[in-house]
Amino acid sequence: MLANVSNPYRNYIAGVSTKVPVKDGSWTTYINFDNAATTPPFISVVNKIVDFSQWYSSIHRGTGYKSKISSEIYDNSRKAVLDFVGGTCGKDCVIYVKNTTEAINKLSNMFKEIYKTGVILSTFMEHHSNDLPWRNKFYVDYVNIDQNGKLDLEDLERKLKRYNGEVRLVAVTGASNVTGYKNPIYEIARLAHKYGSKIFVDGAQLIPHCPIDMKDHSSPEHIDFLAFSAHKMYAPFGIGVLIGHSSIFGKCPPDYKGGGTIDIVTPDYVKWAELPDKEEAGTPNVMGVAALLESINMLSSIGMEFIDRYEKGLVNYAYNRLSKFADIELYDFHKWPDDRVSIIPFNIKGLHHSQTARILSDEGGIGVRNGCFCAQPYIQKLLKISDEEMEERIKGNVKNPPGFVRFSFGLYNTYEEIDKVVKLLSKIVKNKEHYTKEYPLDY
Ligand SMILES: Cc1ncc(COP(=O)(O)O)c(C=O)c1O
């Protein structure tokens, strides 16, 4: 018998019935609307970790039976990962890292080794993880956003033309972790390739929510490089993925050197190992890979198209309910219902985002994120914060940080949860004065 008939997949997730204390002294079932930060694990992923622990052993170095089993799982996993994202076996290399941030840092180090100079086109809607690693290595320019916060493709083409073959990479997010906007990655790939560049897609917010296909290397729409984090796809055991051309990854020495990265070492000679070993220094995270594999199995059996449709249903429902409140500020994303993942940024007029987030947690046991979501340049543009104001903020003269409250849904969230949250929001909006006093700004 299913515990929650409104969404059977809820039963696949750990912690959906966890109760947390709220202000009136009672305990309530936690509502997690912060899946863009990290998701709870699939129960099967936790079980997999426990089962696999019977077989867990050192990989690549040991000769025992358990080492062989562990090595086999680890090595064979790369094909499953490539199949999941439409990568090409034999041409694309899967490198395991800790998370998307480490993947992008690694990619930027490789690019620096190989290309030395040139331009990286990032965008104003990137997470800091797809901006800062490129700075100080290359000349970084940013593709603009339009008045609605969407990427300006004309500006992208203008910049590709202007840099005249010098753009080494267009580094773009698959979906924004602030607005949920999905970028037209295949159109961007076409443009990047047309002007002799390559494309990297930060898939942190894309891979858990909808299907992706890196496409064949001969296609103008081919995605050259892709990164994502397992902890955002129900497998929080410390693994991330970087995928890209073996021919490019093979061109540079490893950025981390040590055990596992070499073939031959003498006191004055080093022959590096082949890919992917060259790029995976030290003892690999086999448990993390086992978790990722199970999560890929689960996501594939539920179906990425289904997840995409279901989450869009949630986001449209929530948006429609929230838009009835004159005091709730939403953004224009409803004009592109198909062009988005399950994220809603908002603010309640007259309340700071930190107050709203605290009230939701303390009064309703509702977990959200608030602030700038590691995307400060994007928030500054969306909120039209002037350079003068930023100067004052840098000097420390303006305290309360700008930002939004963010709802981000996962495949296990329900319409009933949205109703509960909307009920509390309605109470907050009606009793703003009371809540402002109860939750004073702490800046
Ligand atoms: C779009 C985007 N890129 C990169 C990251 C960084 O991911 P991680 O913290 O797993 O490295 C995040 C995290 O929220 C993200 O939303």
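Engineer: Describe the overall build of the protein chain, and please don't skip the residues or the numbers.
Structural biologist: When its secondary structure is counted, the protein chain shows 13 helices and 17 strands. For a compact globule of 443 residues, the expected C-alpha radius of gyration is about 22 Å, and the protein chain comes in at 23 Å, within 12% of that figure. By its C-alpha atoms, the protein chain is 70 × 60 × 40 Å across when sized along the principal axes. Here the protein chain holds 443 residues, and 44% of them are scored as buried. Counting contacts in the protein chain only where the partners sit at least 6 residues apart, residues at least 24 apart contribute 72% of the total.

Engineer: Quick one: what's the story with the packing of helix α4 (residues 153–162) against helix α5 (residues 185–194), residue by residue and with numbers?
Structural biologist: The geometry of α4 relative to α5 is characterised by a closest axis approach of 10 Å and an angle of 15° between their N-to-C directions. As judged from the angle between their axes, α4 and α5 are roughly parallel. In the crossing of α4 with α5, the sense of the turn from one axis to the other is right-handed. Here Leu153, Leu156, Glu157 and Leu160 of α4 come into contact with α5, specifically with Glu187, Ile188, Leu191 and Ala192. When the residues that make up the contact of α4 with α5 are grouped by side-chain class, the tally is six nonpolar, no polar and two charged.

Engineer: Quick one: what's the story with helix α2 (residues 65–85), residue by residue and with numbers?
Structural biologist: Its 21 residues place the ends of α2 31 Å apart at the C-alpha level, agreeing with the 30 Å of an ideal helix rising 1.5 Å per residue. Approximately 25° is the largest bend angle found in α2, and it occurs at Ser77. Of the residues making up α2, those classed as buried are Ser70, Tyr74, Ser77, Arg78, Leu82, Phe84 and Val85. Those residues of α2 that are buried are in contact with β4 (92–97), β9 (225–229), β10 (240–245) and α7 (286–302).

Engineer: Talk me through the site of the ligand; I want residue IDs and the actual numbers.
Structural biologist: Within the structure, the ligand sits among 14 residues, and Asn99, Thr101, Asn177, Ala204 and Ser229 are positioned closest to it. Tallied by class, residues from the shell around the ligand come to three nonpolar, ten polar and one charged.

Engineer: Explain the sheet that holds strand β7 (residues 167–173) to me, and be specific about the residues and the numbers.
Structural biologist: Pairing is mixed in the open sheet, where seven strands are placed in the order β4-β10-β9-β8-β7-β5-β6. On the outer flanks of this sheet lie β4 and β6 (139–143), each paired with one strand and no other. Adjacent strand axes in the sheet meet at a mean angle of 20° when their direction is disregarded. For strand β5 (residues 119–123) and β6, the ladder comprises five bridges, and the chain directions are parallel. Bridging across to β6, Thr123 finds its partner in Val143. Against the sheet, helix α3 (residues 100–115) touches β4, β7, β8 (199–202), β9 and β10, its axis set at about 30° to β10. Sitting on the sheet, α4 is in contact with β5, β6 and β7, with an inclination near 150° to β6.

Engineer: Provide a residue-level description of the pairing of β10, including the pertinent values.
Structural biologist: Judged by how many residues are buried, β10 sits mostly within the fold: five of six residues are covered. As paired strands, β9 and β10 are joined by five bridges and run antiparallel to one another. Counterpart to Phe228 in the pairing with β10 is Val241.

Engineer: Tell me about the domain arrangement of the protein chain, residues and numbers included.
Structural biologist: In terms of domains, the protein chain is made up of domain 1 (8–32 + 303–438) and domain 2 (47–300). With centres defined by C-alpha atoms, the gap from domain 1 to domain 2 works out at 29 Å. On the side of domain 2, 23 residues touch domain 1, which itself brings 23 residues to the contact. Only α8 (304–322), β14 (343–348) and α10 (376–382) provide two or more residues apiece to the side of domain 1 that touches domain 2. Partitioned by chemical class, the residues of the side of domain 1 that touches domain 2 number 15 nonpolar, one polar and seven charged.

Engineer: Residues and numbers for the nonpolar core, please.
Structural biologist: Of all hydrophobic cores here, the largest spans 114 residues; its most connected members are Val170, Ile188, Ile199, Leu226 and Ala235. Of all the elements, α7 adds the most residues to this core, at nine residues. For this core, the two domains that each supply at least three residues are domain 1 (8–32 + 303–438) and domain 2 (47–300). Leaving out residues up to four positions away in the same chain, Leu226 has contacts with Val85, Val201, Gly203, Met214 and Ile243.

The rules behind these values
- Residues numbered from 1 in each chain as written.
- Predicted model: local features only at pLDDT ≥ 70, side-chain atom pairs only at ≥ 80, totals over all residues.
- Helix = DSSP H or I, 4+ residues; strand = E, 2+ residues; numbered from the N terminus.
- Rg over C-alpha atoms; globule rule 2.2 N^0.38 Å.
- Buried ≥ 20, exposed ≤ 12 C-beta atoms within 10 Å, placed from the backbone.
- Contact = placed C-beta atoms within 7 Å.
- Axes fitted to C-alpha atoms, helices over the stretch in contact; angles between N-to-C directions.
- Parallel < 35°, antiparallel > 145°, perpendicular 65-115°, else oblique.
- Left-handed = near helix turned anticlockwise from the far one by under 90°.
- Nonpolar A, V, L, I, M, F, W, Y, C, P; charged D, E, K, R; others polar.
- Expected span 1.5 Å × (residues − 1).
- Bend = angle between axes of the 7 residues up to and from the residue.
- Near = placed C-beta within 6 Å.
- Pairing = 2+ DSSP bridges.
- Domains from an automatic or database assignment.
- Core = buried A, V, L, I, M, F, W, Y, C linked by C-beta atoms within 7 Å.

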